[in-house]
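Examining the three-dimensional arrangement
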Amino acid sequence: MPAAVSITQEILKPHLEIQGGHTLSRELKVSGAKNSALVLMTSALLSEGPLELHNVPQLTDIQGMADILASLGVHVKRSQETVWLQADDLHHAEPPYDLVNGLRASFFCIGPLLGRLGHAKVPLPGGCRIGARPVVEHIRGLKALGAMVKVEHGVVTASVPGTSRRLKGAAIVLDCPSVGATETILMAAVLAEGTSTIENAAQEPEVQDLAKMLNAMGARVIGAGGPIITIEGVERLHGCNYSVIPDRIEAGTFLIAAAITRSIVRVSPVIPEHLNAVLQKLRDCGCTLEIDKQGITLIPGDLHGVDIITQPFPGFPTDLQAPFMALLTTAKGTSVVTEKIYENRMQHVAELQRMGASIRLQGNTAVVEGVPQLSAAPVSGNDLRAAAALVLAGLAARGISQVDGLNHLDRGYDGIESKLNASGAHILRHQPSG
Ligand code: UD1
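I will try to describe carefully the structure that is included in this document.

Reading the values: the criteria
- Residues numbered from 1 in each chain as written.
- Predicted model: local features only at pLDDT ≥ 70, side-chain atom pairs only at ≥ 80, totals over all residues.
- Heavy atoms only, no water.
- Axes fitted to C-alpha atoms, helices over the stretch in contact; angles between N-to-C directions.
- Helix = DSSP H or I, 4+ residues; strand = E, 2+ residues; numbered from the N terminus.
- Parallel < 35°, antiparallel > 145°, perpendicular 65-115°, else oblique.
- Contact = heavy atoms within 4.5 Å.
- Pairing = 2+ DSSP bridges.
- Buried < 20%, exposed > 50% of the residue type's maximum accessible area, 1.4 Å probe, protein only.
- Right-handed = clockwise from strand over helix to strand, strands pointing away.
- Near = heavy atom within 4 Å.
- Polar contact = N/O pair within 3.5 Å; in protein donor to acceptor, adjacent residues only side chain to side chain.
- Areas by Shrake-Rupley, 256 points an atom, 1.4 Å probe, with all protein chains shown as cover.
- Domains from an automatic or database assignment.

**Some remarks on the packing of helix α2 (residues 34-42) against helix α3 (residues 60-71)**
Helices that pack against each other are described as a pair by the angle of their axes relative to one another and the distance between those axes. Where α2 contacts α3, the two axes come as close as 10 Å, and the packing angle between them is 5 degrees. By the angle class used here, α2 and α3 are roughly parallel. When α2 is examined against α3, the residues Lys-34, Ala-37, Leu-38, Met-41 and Thr-42 are found in contact with a partner set consisting of Asp-61, Ile-62, Met-65, Ala-66 and Leu-69.

Structure below.
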């Protein structure tokens, strides 16, 4: 009977069972940045030398990237938070669709493959629930560096004409400061002949981290972290040892966990400058922050609403919009949250409403009226950060919430429930087999 089948499937879905209302008390540990680690791993394609990456988070996306690189001939070894990669036997420039599909960051391979081998064939990254994720800027940049690029049947084929198979330095001005496009062009340009510039470059800390590691591999990159990056091409790069920066989005999520449970908690390690816009909003809504060398302690006050507009770095990050909105549903007064980066990143609103939140949605703007108490409900996280927002709401709600969407959550949070439980939360993972 179809109805019985669907009920059974519902119950069998992996989910977190969160008993709300517990105060957090012990320090929350932040892992390495997912968005840095993914792009740093693909940089292994640029050199024959070994790359030893430390502080790599243990996430499904990281395993996905390891599988893609292995399919290209990269030797990959992982042990806890260290990944060893060596591309001395790079024999393939076409990652297979079944590995690439579902991991958007897989498109990062195109820049280093083109730089190192002079050709690459990479399937377009699949669709995304939070909005269209075009790669127009990436392709425009590669073409400016001299590549011939064709997009056919969902696959991007790129090659460098001529016998040297070497890209040529160029001046590139991005239409929008895309993180992925900046990183793709940067990785392609480090092995190009001559000097390249990227204007209107993304200034995100992950771009700075990439430039820092490329320089440790022998590249000549200056200006990363600002709007203009200059890259003087070199003939070859060597391997290096490198440690990934702490994940600013995970750190922000944990600070919000402290605030939403009205707990005093230290979060570390954190690079505070990576989170300035978020720290300012936490202060604006009534939290006190004590910043030391390695971490940040949040002391909650009597929280009230604030307005948020997502922006490229150094503005408020879109990846913390949903988690921060969860907090605002419990803060006194009215908050206005505007999403400016993605066209469909408000799917958590309906789920938060199921937990008793008072939110009016007008396009990409949410007007949140704080309520004294959320109430537990079964809810579904439709993307990575939406799922995180619902976990946070569950920590504060009265009763036991069930949050599904763990396939999304596990892409970006390394052991979220064990970390939160170690700090005083009560979360059980239900992972039915079969
Ligand atoms: C990266 C992050 C993601 C974060 C996003 C914005 C990784 C693996 N992911 O994604 O977590 O949410 O930055 O901070 O690092 N755009 C165009 N044309 C393009 C490229 C992008 O219009 O050619 C637009 C996109 O539609 C989007 C905006 O630019 O609206 C931001 O995209 P981008 O900065 O490229 O994000 P990603 O690199 O995909």
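**Overview of the sheet that holds strand β12 (residues 228-232)**
In spatial order, the strands read β9-β10-β12-β11; together these four strands make up an open sheet with mixed pairing. Unpaired on one side and paired on the other, β9 (171-173) and β11 (220-222) mark the two borders of the sheet. Taken over all neighbouring pairs, the strand axes of this sheet differ in orientation by 15 degrees on average, direction set aside. For β9 and strand β10 (residues 195-199), the ladder comprises three bridges, and the chain directions are parallel. The residue bridging Ala-171 from the neighbouring strand is Thr-197, located in β10.

**Details of the pairing of β10**
Only one face of β10 is buried: it carries Ser-196 and Ile-198, and the other face, with Thr-195, Thr-197 and Glu-199, is open. In this fold, the crossover linking β9 to β10 by way of helix α7 (residues 179-189) has right-handed handedness. Relative to β12, β10 runs antiparallel, the two sharing five bridges. Bridging from a neighbouring strand, Ser-196 pairs with Ile-231 of β12.

**Remarks on the site of the ligand**
Around the ligand there are 17 residues in total, and Ser-178, Val-179, Gly-180, Asp-319 and Ile-341 lie nearest to it. In the model, an oxygen atom of the ligand is placed 2.8 Å from a nitrogen or oxygen of the Glu-137 main chain. In the complex, 82% of the free accessible area of the ligand, which totals 740 Å², lies under the protein chains. Sorting the residues of the shell around the ligand by element identifies α6 (136-144) and α7 as the ones contributing at least two each. Viewed by domain, the shell around the ligand spans two of them, domain 1 (7-31 + 246-430) and domain 2 (34-243), each represented by three or more residues.

**A short note on helix α5 (residues 110-117)**
Counted residue by residue, α5 has six buried out of eight residues, so it is predominantly covered. All of the buried residues in α5 are Ile-110, Gly-111, Pro-112, Leu-113, Leu-114 and Gly-115. Contacts made by the buried residues of α5 are with α2, β6 (119-123), α6, β8 (155-159) and α7. Phi turns positive, to about 85 degrees, at Gly-118, one or two residues after α5.

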